[in-house]
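If you want the building blocks of each chain, they are given just below.
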Amino acid sequence: MQALTINEAASTTGWSARMLRYVEQAGLVAPARSASGYRLYGAAQLQRLGTLKELLAQFEISLSDVAFAARLSTNAELRDTVQSWLQSEASRPENVEAEDWLRFEQDKHEKLIAAA
């Protein structure tokens, strides 16, 4: 099989070797592996990388956008949860008075930040 190493693929496509690893980790391109574990990029992977670049440019999106879209297409729970969140509207908790709602949300965020 004719194939390029990651450095040769990087040189050919204009992506860095680091970015090619990220693209693979995100599941957007799956290069073959040599017996010793080296990534091998064939014609199909090079074509996929080229069309990925075109997609990013055409829609002015990032790799992380495409990676997330890929996750949405394969993870029904994630897709349903995101869709539900997009359709939902904020609502004040029943146990919080209207005049206290802003402070309640601020406190909640401060706790989340402190826990991170």
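Residues numbered from 1 in each chain as written. Predicted model: local features only at pLDDT ≥ 70, side-chain atom pairs only at ≥ 80, totals over all residues. Heavy atoms only, no water.

Undergrad: How should unusual backbone geometry be read in this particular structure?
TA: You will see that E60, though not glycine, has its phi angle at about 50 degrees, which is positive. As for its placement among the helices and strands, E60 is situated in the loop between α3 (43-59) and α4 (63-74). (Helix = DSSP H or I, 4+ residues; strand = E, 2+ residues; numbered from the N terminus.)

Undergrad: It is not clear to me how the pattern of salt bridges should be interpreted in this structure. Could you clarify?
TA: In a structure, side chains of opposite charge can pair up when their charged atoms sit close to one another. Evaluated as defined, the whole model comprises four salt bridges. The salt bridge involving R103 is made with D107; its shortest N-O contact spans 2.6 Å. Here the residue R103 and the residue D107 both occupy positions in helix α6 (residues 101-115), the gap between them amounting to four residues, near one helical turn. Put simply, E105 and K108 hold a salt bridge, and the shortest N to O gap is 3.2 Å. Taken together, the positions of E105 and K108, both in helix α6 and three residues apart, correspond to about one turn of that helix. (Salt bridge = Lys/Arg side-chain N within 4 Å of Asp/Glu carboxyl O.)

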